[in-house]
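# Examination of the molecular architecture
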Amino acid sequence: MKPPPFHYHDPRTVEDTLHLLSELDDAKVIAGGQSLMPMLNMRLAQPGHLVDINRVDGLAGIGWYEPEQVVRIGAATRQRTIEKDPDLARRYPLLPEAISHIGHFQTRNRGTVGGSLAHLDASAELVAVASAAEATLYAASTRAVRAIPMADFPRGHLTTDLTSDELLVAIDVPLWPDGHGYAFEEFARRHGDFALVAAAVLLELDTTHRSIRRCRVSLVGLGPAPIRLTKAEELLNGGVADDDALRSAAALARNLSAVGDDAAPAEYRLALAETLVRRGLRRALRRATQPTTPEVN
Amino acid sequence: MATTRQIDCTVNGEPVTATVETRLTLADFLRDQLTLTGTHLGCEHGVCGACTVHVDGAAVRGCLMLAVQVDGSAVRTVEGLSDGDALSPLQQAFRENHALQCGFCTPGVLMSMQSFLDEHTNPTANDVTEALSGNLCRCTGYAAVVAATLQTARDGVEHHDQSPTSGGNGS
Ligand SMILES: Cc1cc2nc3c(=O)[nH]c(=O)nc-3n(C[C@@H](O)[C@H](O)[C@H](O)COP(=O)(O)OP(=O)(O)OC[C@H]3O[C@@H](n4cnc5c(N)ncnc54)[C@H](O)[C@@H]3O)c2cc1C
Ligand code: FES
Ligand code: FES
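Residues numbered from 1 in each chain as written. Chains lettered and ligands numbered in written order. Predicted model: local features only at pLDDT ≥ 70, side-chain atom pairs only at ≥ 80, totals over all residues. Heavy atoms only, no water.

## Some remarks on the overall build of chain B
Note the cut-off: The helix and strand labels rest on DSSP assignments: H or I over at least four residues marks a helix, E over at least two residues marks a strand, and numbering proceeds from the N terminus. The globule rule used here is 2.2 Å times the number of residues to the 0.38 power, and the radius of gyration it is set against is calculated over C-alpha atoms. Only protein chains enter the accessibility calculation, which uses a 1.4 Å probe. A residue is then buried if its area is under 20% of the maximum for its type, exposed if over 50%, and partly exposed in between. Here, two residues are considered to be in contact whenever any of their heavy atoms come within 4.5 Å of each other. Computed by Shrake-Rupley with a 1.4 Å probe, the accessible areas treat only the displayed protein chains as cover when residues are assessed. Positive charges come from Lys and Arg alone, negative charges from Asp and Glu alone, with His and the N- and C-terminal ends not counted. By convention, the charge on Lys lies at NZ, on Arg at CZ, on Asp at CG and on Glu at CD.
The helix and strand inventory of chain B stands at 5 helices and 5 strands. Secondary structure elements of chain B, listed N to C terminal, follow the sequence β-β-α-β-β-β-α-α-α-α. By the compact-globule yardstick of 16 Å for 171 residues, chain B fits well, its C-alpha radius of gyration being 16 Å. Per-residue burial over chain B gives 49% buried out of 171 residues. Within chain B, contacts between residues at least 6 apart in sequence are counted, and of these 55% link residues at least 24 apart. Here chain B has roughly 7900 Å² of accessible surface; of this, 50% comes from carbon and sulfur atoms. Placing the 8 positive and 19 negative side-chain charges of chain B at their respective mean positions leaves the two points 8 Å apart.

## So, the environment of B:Ala93
All names here are of chain B. As for its position among the elements, Ala93 is in helix α2 (residues 89–96). We classify Ala93 as buried; its relative accessible area is 2%. Remark: the alpha-carbon pair of Ala93 and Val145, spanning 52 residues in sequence, is separated by 8.9 Å. In contact with Ala93, other than residues within four places in its own chain, are Ala148, Gln151 and Thr152.

## Comments concerning the packing of helix α10 (residues 243–251) of chain A against helix α11 (residues 266–289) of chain A
All names here are of chain A. What counts here: To get an axis, fit a line to the C-alpha atoms, keeping to the stretch in contact for a helix; angles then go from 0 to 180 degrees between the N-to-C directions. Whether a crossing is left-handed or right-handed is set by the direction in which the near helix is turned from the far one by less than a right angle, anticlockwise for left-handed and clockwise for right-handed.
Contact geometry for α10 and α11: axes closest at 8 Å, N-to-C directions at 145°. Every pair of crossing elements has a handedness; the one defined by α10 and α11 is right-handed. Of the residues in α11, those in contact with Asp243, Leu246, Arg247, Ala249, Ala250 and Ala251 of α10 are Glu274, Val277, Arg278, Leu281, Arg282 and Leu285.

## With respect to the sheet that holds strand β1 (residues 7–9) of chain A
All names here are of chain A. Worth spelling out the cut-off: Pairing between two strands requires that DSSP report at least two bridges joining them.
Here 3 strands make up an open sheet; going across it, the order is β1-β3-β2 and the pairing parallel. Across the chains shown, the open sheet's two edge strands, defined by having one partner strand only, are β1 and β2 (27–30). Mean inter-strand twist for the sheet, computed between neighbouring axes without regard to direction, equals 25°. Across 3 bridges, β1 lies against strand β3 (residues 49–52) in parallel orientation. By the bridge assignment for β3, His9 is matched with Val51. Across the face of the sheet, helix α1 (residues 14–23) comes into contact with β1, β2 and β3 while running at roughly 165° to β3.

## Remarks on the site of ligand 1
Stated precisely, the cut-off is as follows: Whether a residue is near a molecule or strand depends on its heavy atoms: if one lies within 4 Å, it is near. In protein, a polar contact means a hydrogen-donor-capable atom and an acceptor-capable atom, both N or O and within 3.5 Å, with residues adjacent in sequence counting only if both atoms are side-chain atoms; elsewhere, any N or O pair within 3.5 Å suffices. Lys, Arg, Asp and Glu make up the charged group, whereas Ala, Val, Leu, Ile, Met, Phe, Trp, Tyr, Cys and Pro make up the nonpolar group; the residues left over, Gly among them, are polar.
Taken together, 32 residues sit near ligand 1, with A:Val29, A:Ser35, A:Leu36, A:Thr112 and A:Glu125 positioned nearest. More than one chain reaches ligand 1: the nearby residues come from chains A and B. Separating an oxygen atom of ligand 1 from a backbone N or O atom of A:Ser116 is a distance of 3.3 Å. In isolation ligand 1 exposes 970 Å². Once the protein is present, 94% of that is buried. Among the secondary structure elements, those contributing two or more residues to the shell around ligand 1 are β2, α7 (113–119) and β10 (167–174) of chain A. With 4 residues, α7(A) is the largest single contributor of residues to the shell around ligand 1. The residue inventory of the shell around ligand 1, partitioned by class, reads 14 nonpolar, 15 polar and 3 charged.

## Examining the domain arrangement of chain B
All names here are of chain B. How we decide: Where each domain starts and ends follows an automatic or database-derived domain assignment. Once two parts are joined, some of their accessible surface, as seen by a 1.4 Å probe, is lost; buried area is that loss totalled over both. Within this document, salt bridges are pairs made up of a side-chain nitrogen of Lys or Arg and a carboxyl oxygen of Asp or Glu, the two lying within 4 Å of each other.
Taken domain by domain, chain B comprises domain 1 (4–80) and domain 2 (89–165). Using C-alpha coordinates to define each centre, domain 1 is positioned 22 Å away from domain 2. The interface is formed by 16 residues belonging to domain 1 together with 13 residues belonging to domain 2. The junction of domain 1 with domain 2 conceals about 1100 Å² of combined surface from both sides, 60% of it contributed by carbon and sulfur atoms. In terms of surface lost to domain 2, no three residues of domain 1 exceed His40, His54 and Val78, which account for 38% of the buried area on that side. Viewed at the interface, domain 2 and domain 1 are joined by 0 salt bridges. Inspection of the region where domain 1 meets domain 2 yields 5 residue pairs in polar contact (both at pLDDT 80 or more).

Written as structure tokens, this is what we have:
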């Protein structure tokens, strides 16, 4: 239960980091370490080089781009920073709500946004949010910086589109109008455990407040990649926002296919998915109808 | 392999300069190199919370950080809570409420609850329970820990009311 030996690097600039990643064989980035350190301790990962990005300038932070209507989050931004940010609480409350479910406050003090996305756990809260939000991920290397739509980012179990010389530097999250509805719902065996299934919902009403202009529903925990419940979105978009509509939309989750295990078979996960989507849609609708100031903790 | 580095940090307020193996975890550095064995190791993969310490004021898992990562930082361990033999208010409340039996989980629980109290002056039992979810106790249970933490918060508020210039717990 101790990490294997490795060469340790702690670059100060993005440029130096990219050079290290392009020149070194068998290098691994360490950000918050909340997924990688357990793997090192258990020797499931034995990289030749560890490239620590905790001292790199300019990789952490939250930036608001009003003309483009996006919020840009640096890859090394701590989960706890997002959870406590007053502007996000007001303008993108889905993010802090989702993050409050990740592990415990002690792990969120270290864990980063980029680390969670790059790790791509099958039930990671931030993966669900990035999917529902249609976030864009920026991957930098000495060759170029490229923009990856979240929909193209997952490549398999714990596997992303990032190449070994690429560093995730930031994600862009498109903003929704003030007062939009949102909800993050998850089921885990104990508080702080990884979710069995989780759902992220975003919802905007039209000016009459009677019908849904657009909504997004994403699920994690059903397979290696997040699943957008597009059938439900299509059913709801432009339609009347009543409980029957929400129930019918949620029921479409049953038609998805899920990868189960002994503890939580596929059938059970799909039943959870339906329930969580229904709860999420209801809560998002309530919040869109009666916008309140979200609690910050 | 160039596997050692020199680090400078403070631990419980004392300056420390040490040469560490780069793969050494913060918890092992504290325990084995500084012989501060109050910080315990249970699972070594982030789940049990026995290794919880403060780095630059934030509660973290000591088993999930490397010693080299605290170069330039201020570390606080359970040994830094009391003032000599005088227990801290939270430690005293643990004692009064029987919040420990074997004590294995206690250092981590104390560091988590101290960090929680530093940020929340008037918590509910629910808030405390949620903050405690990242620490596992295998013998005492959690009710007494919640009671001790709430008592400390209450006493802190009363103390604060009586002498508004004292500035809380000062840390
Ligand atoms: C007790 C416990 C409970 C947890 N519960 C949850 C939970 O409920 N939900 C959840 O989603 N997570 C959970 N986690 C994991 C979460 O805490 C991690 O923060 C997250 O998965 C990884 O983020 P990190 O910054 O710690 O990354 P690290 O552990 O440092 O890295 C993870 C992976 O991402 C790569 N990486 C990191 N940053 C970059 C980058 N910028 N560019 C390219 N690659 C990069 C690393 O090379 C590594 O492969 C839990 C962890 C613990 C210890
Ligand atoms: S020993 Fe660090 S969390 Fe268990
Ligand atoms: S007091 Fe024994 S494990 Fe908590």
